Amino acid sequence: MKSQISSALSDFFFEYETPRQVLVRNRRVGVVCRLIQLGVLAYIIGWVFIYEKGYQSTDTAVSSVFSKMKGVGYTNVNGSERVWDVADYVFPPQGDSSFVVMTNYIITEGQKMGKCPELQGKANCTTDADCEGGSFKRTGHGQMTGSCVPATKTCEVLAWCPVENDHNIPDPPRLMSAENYTLFIKNSVTFPLFQVTRSNLVEGIDNAYIKKCLHDPKKAPLCPIFKLGDIVKLSGFKFETIAKEGGAIGIVVDWTCNLDVDIKHCKPTYNFHGLYGNPTETDKARASVGYNFRYAKHYLDGGVQKRTLHKVFGIRIDIIVQSLARKFDIIPTLTAIGSGVGIFGVATVVCDLVLLYLLPKREFYKNMKFKYTDTQAQDPDSEAGSSENEASKK
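Starting from 1, residues in each chain are numbered consecutively following that chain's sequence as written. It should be noted that, the model being predicted, local features are given only for residues of pLDDT at least 70 and side-chain atom pairs only at 80 or more, the latter also being counted only at that level, while totals for whole chains, interfaces and linings use all residues. Side-chain figures throughout are based on the complete set of non-hydrogen atoms in the structure, without hydrogens or water.

Remarks on the overall build of the protein chain
Looking only at helices and strands, the protein chain has 10 helices and 15 strands in total. Here the protein chain holds 394 residues, and the buried ones make up 35% of them. For the protein chain, restricting intrachain contacts to residue pairs at least 6 apart in sequence, the fraction spanning at least 24 positions comes to 67%. Shrake-Rupley sampling with a 1.4 Å probe provides the accessible areas, and residues are treated as covered by the protein chains on show and by no other component. As presented, the protein chain carries roughly 24900 Å² of accessible surface, and 54% of it is formed by carbon and sulfur atoms. Secondary structure counts use DSSP, requiring at least four H or I residues in a row for a helix and at least two E residues in a row for a strand, with both numbered from the N terminus. Residue burial is assigned from relative accessible area. The probe radius is 1.4 Å, only protein chains are included, and a residue is buried under 20% of its type maximum, exposed over 50%, and partly exposed in between. For this analysis, residues touch if any pair of their heavy atoms sits within 4.5 Å.

Now the structure itself:
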């Protein structure tokens, strides 16, 4: 037993095994093998290294976005003139990556808490029995008192009176001048893995350039100042359509950088997408078209609390940052090469299948490829010695 263990350990440490190589001179098999190897080589070079950049490691950025609107709007409603500046038409005013620019509105002035008839179509009635006291309509403005108002044939409600009437949205939009507003975007990105920080105010963009430039995809692709009308147009909207009932637009700041070249080539590109609220002229049946919200300004009038209610229709702008940086790394390079070398084994497997199962001389190739030995008595000499013993017996 001890000698067997010693022999096994000796064989394990001091012997080397190698597979038998059989050279097959067959044109069809040779062509198939080379074609498969060329296909694998093309996959490794074309897809893994050139297209997928398998020799580089990747990282995404940590980003920050600052925005600022500029421009003045003018309205004249029933002879009442008003000028609107940034503090009036941008919500919220902090300059976030997501904000709303007001383009249309409905104002209900002088509301105070009291009892008044509901808006027609919200809670119609013919008798008091149709108005359940203390209940609410999902789309109503207040709590029903249980009385039906004969003049309007609607239920009386406890609410901010007079209730808002938003059935008729102003058309054309009241702030069509918003088309000429400008948006300034300041974006900074950091790739932690590569310790690289970049800003969209890249080389060549200084104060003098910013004061006179306006973004154009072809003429001024790096200018960070955008005209609102151009943003709407590039996103596929018509300004008058989206300004009436509102909508949403996404501005994508794309940082795709190859850090193996000079850092100055790492520059952003801007893309514009209509996200929601683009009703076409032939699509009148869409539900909940546009974007709107309400806010109120409260005040005291003769000791009575009152408010002015604003229903705002606007363009919601979402600034979205996408990023991907690449740089050469030896580890993914070796991994890609190793996996490619392993795929070369496919050619051997396919050719073996052709040799052993498809060709007319498959039995001959099987005998050449495989050596069958007797497990009972094995001569310890070399394979050559075994061959000589067989020859002597013959």
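Now that the structure has been shown, we can carry on.
Side note on the state of the cysteines
Each disulfide consists of a covalent bond between the sulfur atoms of two cysteine residues. Disulfides are defined as pairs of cysteine sulfur atoms found within 2.5 Å of each other. Scanning the entire structure with this criterion turns up 5 disulfides. At a sulfur-sulfur separation of 1.9 Å, the disulfide partner of Cys 131 is Cys 155. Negative torsions about the S-S bond denote left-handed disulfides, and the value of about -85° found for Cys 131 with Cys 155 makes this one left-handed. Within this pair, whereas Cys 131 is found in the loop between β6 (98-117) and β7 (143-149), its partner Cys 155 is found in strand β8 (residues 154-161), the two being separated by 24 residues in sequence. For the pair formed by Cys 131 and Cys 155, the shared burial category is buried. For Cys 213, the disulfide goes to Cys 223, at an S-S distance of 2.0 Å. Of note, the bridge from Cys 213 to Cys 223 carries an S-S torsion of about 70° and is right-handed in sense. Of the two residues, Cys 213 is situated in the loop between α4 (207-212) and β11 (225-227) and Cys 223 in the loop between α4 and β11; the sequence distance between them amounts to 10 residues.

Some points on the confidence of the model for the protein chain
pLDDT gives the predictor's per-residue confidence on a scale running from 0 to 100. In this model, the protein chain carries an average pLDDT of 86, and 89% of its residues clear a pLDDT of 70 or more. Across the protein chain, the element-wise mean pLDDT spans from 45 in helix α10 (residues 383-393) up to 96 in β11. This model gives residues 377-394 a pLDDT under 50, and the stretch forms 5 contacts once residues within four places in sequence are excluded.

Quick word on unusual backbone geometry
Between Phe 91 and Pro 92 the backbone carries a cis peptide bond, its omega angle lying at -15°. Note on placement: Pro 92 falls in the loop between β5 (90-91) and β6. Look at the link from Asp 171 to Pro 172: it is a cis peptide, with omega at 10°. With respect to the helices, strands and loops of the structure, Pro 172 is situated in the loop between β8 and β9 (182-191).

A look at the packing of aromatic side chains
Stacked, edge-to-face and tilted are the three classes for Phe, Tyr and Trp ring pairs, Trp counted by its six-membered ring, which pair at centre distances within 6.5 Å; planes under 30 degrees apart are stacked, over 60 edge-to-face, the rest tilted. As enumerated under the stated definition, the model contains 9 aromatic pairs in all. Considering the side-chain rings of Phe 91 and Tyr 295, the 5.4 Å spacing of their centres and the 50° angle between planes classify their relative orientation as tilted. Here Phe 91, found in strand β5, pairs with Tyr 295, found in strand β14 (residues 292-301); they are 204 residues apart in sequence, far enough to count as distant. An aromatic cluster is built from Phe 91, Tyr 291, Phe 293 and Tyr 295, whose rings are joined through pairwise contacts. The cationic tip of Arg 82 hangs over the ring face of Trp 84; the distance from NZ or CZ to the ring centre is 3.7 Å. Should the NZ of a Lys or the CZ of an Arg lie within 6 Å of a ring centre and within 35 degrees of the ring normal, that charge is described as sitting over the ring.

What about the nonpolar core?
In terms of nonpolar packing, the biggest core is built from 42 residues, with Phe 99, Met 102, Tyr 181, Phe 191, Leu 228 and Ile 315 touching the most fellow members. Residues in contact with Leu 228, not counting those within four places in the same chain, are Val 101, Ala 178, Glu 179, Tyr 181, Phe 239, Ile 315 and Ile 317. The criterion is simple. A nonpolar core is a set of buried Ala, Val, Leu, Ile, Met, Phe, Trp, Tyr and Cys residues joined through side-chain atoms within 4.5 Å. Membership of the second largest hydrophobic core comes to 12 residues, among which are Met 144, Cys 155, Ala 159 and Cys 161.

Here we look at the pattern of salt bridges
We define a salt bridge as a contact between a side-chain nitrogen of Lys or Arg and a carboxyl oxygen of Asp or Glu at a distance within 4 Å. Evaluated as defined, the whole model comprises 8 salt bridges. Among the salt bridges present, the one from Arg 82 reaches Asp 88, with a minimum N-O distance of 3.8 Å. The partly exposed category is assigned to Arg 82, whose relative accessible area is 31%. In this structure, Glu 164 engages Arg 294 in a salt bridge whose closest nitrogen and oxygen atoms are separated by 2.9 Å. One end of the pair, Glu 164, is in the loop between β8 and β9; the other, Arg 294, is in strand β14, with 130 residues separating them in the sequence. Overlapping salt bridges bring together Glu 164, Asp 166, Arg 294 and Lys 311 as one network.

Overview of the pairing of β14
Any two strands are treated as partners once DSSP identifies two or more bridges connecting them. Bridging between β14 and strand β15 (residues 304-328) involves 10 bridges; their strand directions are antiparallel. Bridge assignment links Arg 294 to a residue of β15, and that residue is Lys 311. What sits between the antiparallel neighbours β14 and β15 is a turn of 2 residues, in which Gly 302 has the positive phi angle 65°.

Points about the packing of helix α2 (residues 27-51) against helix α8 (residues 345-357)
The convention used is that axes are lines fitted to C-alpha atoms, helices contributing only their stretch in contact, and that angles between N-to-C directions extend from 0 to 180 degrees. At a minimum axis distance of 9 Å, the contact between α2 and α8 shows a crossing angle of 155°. If you check the angle between α2 and α8, you find them roughly antiparallel. Along this stretch, α2 crosses α8, giving a crossing that reads as right-handed. Residues Val 29, Val 32, Cys 33, Ile 36 and Gln 37 of α2 lie in contact with α8, whose contacting residues are Val 346, Ala 347, Val 350, Cys 351, Val 354 and Leu 355. Classifying every residue of the contact of α2 with α8 gives 10 nonpolar, 1 polar and no charged. Should an angle fall under 35 degrees it is called roughly parallel, over 145 degrees roughly antiparallel, and 65 to 115 degrees roughly perpendicular, with every other angle called oblique. Helix crossings fall into two classes, left-handed where the near helix is turned counterclockwise from the far one by less than a right angle and right-handed where it is turned clockwise. Ten residues, namely Ala, Val, Leu, Ile, Met, Phe, Trp, Tyr, Cys and Pro, are considered nonpolar, four, namely Asp, Glu, Lys and Arg, are considered charged, and the remaining ones, Gly among them, are considered polar.

A look at a nonpolar patch on the surface
Residues enter patches when their relative accessible area tops 30% and they take part in no salt bridge; the joining distance is 9 Å for like charges and 5 Å for the nonpolar side chains Val, Leu, Ile, Met, Phe, Trp and Tyr. A contiguous nonpolar patch, built from Val 31, Leu 35, Leu 38, Leu 41, Ile 45 and Ile 50 and spanning about 570 Å² of accessible area, is present on the exposed surface. You can see Val 31 is positioned in helix α2. What makes Val 31 partly exposed here is its relative accessible area of 47%.

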